[in-house]
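What the coordinates show
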Amino acid sequence: MRKLVALLAVAAGCAGVAPQQDKVVYHLSEGLAQASSGLRNIGNHLEVNPQARIVVVSHARGVDFLMKDAKDANGNRYEDLVEPLKLRGVRFEVCEITLRNRKLAKDQFIADATWVPSGVAEVTRLQQREGFAYLKP
């Protein structure tokens, strides 16, 4: 009986060892200052959990950092900040409704941007259907 209890304890311990992958949606809608905070948060997140699955959903003024030649307050190009995160698996999504309402074209955005029909609908979908945690820096 003791051997069975010990075997079950070892099996239970092994089952708990497998790390869970974080799934997080970062919601950006407020402009360049929020984008700077969000990108810093994402870098910190990946530092402690490199396997995290991160999606950045942007709409309204939140899309501005993904435009070609956009720069932060220190003159750093956002494209140079986004590219290494993209290489680590972070997905950057832009709301097509925002493009239509602001009369923006897809060719005004960096190559790392992808498109979703609605930013807010995408945030909802990721949370409700795919179990993503929600963060808004």
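Residues numbered from 1 in each chain as written. Predicted model: local features only at pLDDT ≥ 70, side-chain atom pairs only at ≥ 80, totals over all residues. Heavy atoms only, no water.

As a further point, take the sheet that holds strand E2 (residues 53-58). Here five strands make up an open sheet; going across it, the order is E4-E3-E2-E1-E5 and the pairing parallel. At either end of the open sheet lies a strand with only one pairing partner, and these are strand E4 (113-116) and strand E5 (133-135). Across the sheet, the axes of successive neighbouring strands diverge by a mean angle of 30°, strand direction being ignored. Strand contacts of helix H5 (residues 119-130): strand E1 (23-28), E2, strand E3 (91-95), E4 and E5, with the helix running at about 150° to E2, the strand carrying the most contacts. (Pairing = 2+ DSSP bridges. Helix = DSSP H or I, 4+ residues; strand = E, 2+ residues; numbered from the N terminus. Axes fitted to C-alpha atoms, helices over the stretch in contact; angles between N-to-C directions. Contact = heavy atoms within 4.5 Å.)

It is worth spelling out the packing of aromatic side chains at this point. Taken as a whole and judged by the stated rule, the model has three aromatic pairs. A ring pair is formed by Phe-65 and Phe-92, whose centres lie 6.2 Å apart and whose planes are at 65°; its orientation type is edge-to-face. Pair noted here: Phe-65 is in the loop between E2 and helix H3 (78-87) and Phe-92 is in strand E3, with a separation of 27 residues, a long-range link. Summarising the burial analysis for this pair, Phe-65 and Phe-92 share the class buried. Both rings, one in Phe-109 and one in Trp-115, keep their centres 5.4 Å apart while their planes meet at 85°; by these two values the pair is edge-to-face. Ring pairing ties together the aromatic residues Phe-65, Tyr-78 and Phe-92, which thus form one cluster. (Phe/Tyr/Trp six-rings, centres within 6.5 Å; stacked < 30°, edge-to-face > 60°. Buried < 20%, exposed > 50% of the residue type's maximum accessible area, 1.4 Å probe, protein only.)

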